[in-house]
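Fold and geometry: a report
Here's the letter readout for the chains.
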Amino acid sequence: MMENLLHDIRQCSICEAHLPLGPRPIATGHPDSKIVIIGQAPGTKVHASGIPWDDASGRQLRKWLNVSADDFYDETKFAIIPMGFCYPGKGKSGDLPPRKECAPQWHQPLFDHMEKVELVILIGMYAQKYYLKEKAKRTLTETVANYKDYLPTYFTLPHPSPRNRFWLTKNPWFDEEVIPQLQNKVNTIL
């Protein structure tokens with residue numbers, strides 16, 4: 001049962017020794033979820049609030065998807081399953097990579113309880129490499145530019161972090177071509 005699984009996930013402490021702020025697994029889902037968002041790992045703001053994508057990156061993501069916060073947080077519409085469920089700590093240039101324990105431990109059991117999923121949105125290199133395996137291109141830019149190769153199952157996106165402003169400026173095709181396709185796909189499913 002999904003409720004029991006989410007309860008078990010929220011009690012998870014497999015990588016506790018590596019987490020500077022301690023475990024606080026953050027994931028959502030429902031048996032009726034239609035779209036799954038797989039990002040990296042919660043940042044400090046999300047760790048504090050316990051609400052996924054409750055930050056500037058989340059606001060940008062909702063703009064890209066063209067959905068309200070109410071729709072985004074409706075678990076019958078969106079399941080939110082990061083690659084790492086807890087804040088991994090600070091690195092040299094941003095947060096550390098997501099912990100490697102979460103996805104193999106929890107992703108498939110979550111998907112097993114969500115039989116109505118029509119689209120999985122892979123945000124960032126970690127999610128794309130894990131799910132696309134050898135089909136991922138050499139760089140995140142190439143993988144996102146070739147998003148059509150992964151449809152209808154997956155939609156590839158860069159991270160919506162304000163830190164990615166430079167990438168967005170350098171790749172205007174993303175806003176011009178990819179975002180309208182993403183919004184159309186999400187709108188059709190919802």
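Above: the structure in question.
The text that follows walks through the structure, step by step, so that each part is easy to find. (Residues numbered from 1 in each chain as written. Predicted model: local features only at pLDDT ≥ 70, side-chain atom pairs only at ≥ 80, totals over all residues. Heavy atoms only, no water.)

Describing the pattern of salt bridges
Applying the stated criterion to the full structure yields 7 salt bridges. In this structure, the salt-bridge partner of Arg 99 is Glu 101, at a minimum N-O distance of 2.8 Å. Judged by its relative accessible area of 24%, Glu 101 is partly exposed. In this structure, Lys 137 and Asp 149 form a salt bridge, with 3.4 Å as the shortest nitrogen-oxygen distance. Taken together, the residues Lys 137 in the loop between helix 6 (125-132) and helix 7 (140-145) and Asp 149 in the loop between helix 7 and strand 6 (154-157) connect sequence positions 12 residues apart. Judged by its relative accessible area of 28%, Lys 137 falls in the partly exposed class. (Salt bridge = Lys/Arg side-chain N within 4 Å of Asp/Glu carboxyl O. Buried < 20%, exposed > 50% of the residue type's maximum accessible area, 1.4 Å probe, protein only. Helix = DSSP H or I, 4+ residues; strand = E, 2+ residues; numbered from the N terminus.)

Concerning unusual backbone geometry
Going from Leu 151 to Pro 152, the amide bond is cis rather than trans, its omega being 10°. Note on placement: Pro 152 falls in the loop between helix 7 and strand 6.

Things to note about helix 6
Where helix 6 is concerned, the buried positions are Ala 127, Gln 128, Tyr 131 and Leu 132. End-on, the buried residues of helix 6 take up no more than an arc of 100°, which puts them together on one face. On its buried face, helix 6 sits against strand 1 (35-38), helix 5 (102-112), strand 5 (119-123), helix 7 and strand 6. Within two residues after helix 6, Lys 133 carries a phi angle of roughly 50°, on the positive side. (Arc of directions from axis to C-beta. Contact = heavy atoms within 4.5 Å.)

A few points about the pairing of strand 1
Residues in a regular strand project their side chains so that they alternate between the two faces of the sheet. Every second residue of strand 1 is oriented toward a common face, with Ile 35 and Ile 37 on one face and Val 36 and Ile 38 on the other, all of them buried. Direction of pairing for strand 1 relative to strand 2 (residues 78-80): parallel, over a ladder of 3 bridges. By the bridge assignment, Ile 35 is partnered in strand 2 with Phe 78. In terms of strand pairing, strand 1 meets strand 5 through 4 bridges, oriented parallel. Bridge pairing links Val 36 to Val 120 in strand 5. (Pairing = 2+ DSSP bridges.)

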